[in-house]
Amino acid sequence: MANSKQARKRARQSEGRRVLKASQRSMVRTHIKRVIKAINDGDHAVAMTEFHKAQPVIDRIADKDVLSKKKAARMKSRLNKRIKALAA
């Protein structure tokens, strides 16, 4: 347990940040799962729609440093690659 006033404040801030970031990570995972489900169903149009909805969410979370920018770019790239393979 934190002993000083500063350490108690940092602990409070850290907990609040952890809860917020967990919620945001969950939202990103949900969007990705929707895209993957559409890909697995073989529906290119739905997959593209879901991907276009997921892209700004992933970018926004990367800007807030919940995910690294490189990881976000990698996730988008891999999803897009799978959607393009579906169309071919």
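The structure displayed is predicted, hence computed values, not measured ones.

(A) Fine view of the packing of helix H1 (residues 5-41) against helix H2 (residues 44-63). At a minimum axis distance of 9 Å, the contact between H1 and H2 shows a crossing angle of 160°. The angle between the axes of H1 and H2 places the two elements in the roughly antiparallel class. Considering how the two elements wind past one another, H1 and H2 form a crossing that is left-handed. The residues of H2 that touch H1, namely those facing Gln-24, Met-27, Val-28, His-31, Ile-32, Arg-34, Val-35, Ala-38 and Ile-39, are Val-46, Ala-47, Glu-50, Phe-51, Lys-53, Ala-54, Val-57, Ile-58 and Ile-61. Its residues assigned to classes, the contact of H1 with H2 comprises 13 nonpolar, two polar and three charged.

(B) Main features of the nonpolar core. Judged by nonpolar contacts, the single largest core of 18 residues is most densely connected at Val-28, Ile-32, Val-35, Ile-58, Ile-61 and Ile-83. Only H1, H2 and helix H3 (69-87) provide two or more residues apiece to this core. Non-local contacts of Ile-32, meaning those with residues more than four positions away in its chain, are made with Ile-58, Met-75 and Leu-79.

(C) Quick peek at the packing of H1 against H3. Two numbers describe how H1 lies on H3: the axes approach to 10 Å, and their chain directions differ by 15°. On the basis of the axis angle, H1 is roughly parallel to H3. The way H1 lies across H3 gives a crossing that is left-handed. In this structure, H1 uses Val-28, Ile-32, Val-35, Ile-36, Ile-39 and Asn-40 to contact H3, whose residues at the interface are Met-75, Leu-79, Arg-82, Ile-83 and Leu-86. Residue composition of the contact of H1 with H3, by class: nine nonpolar, one polar and one charged.

So, how was this worked out
Residues numbered from 1 in each chain as written. Predicted model: local features only at pLDDT ≥ 70, side-chain atom pairs only at ≥ 80, totals over all residues. Heavy atoms only, no water. Axes fitted to C-alpha atoms, helices over the stretch in contact; angles between N-to-C directions. Helix = DSSP H or I, 4+ residues; strand = E, 2+ residues; numbered from the N terminus. Parallel < 35°, antiparallel > 145°, perpendicular 65-115°, else oblique. Left-handed = near helix turned anticlockwise from the far one by under 90°. Contact = heavy atoms within 4.5 Å. Nonpolar A, V, L, I, M, F, W, Y, C, P; charged D, E, K, R; others polar. Core = buried A, V, L, I, M, F, W, Y, C linked by side-chain atoms within 4.5 Å. Buried < 20%, exposed > 50% of the residue type's maximum accessible area, 1.4 Å probe, protein only.

These figures capture arrangement, not role.
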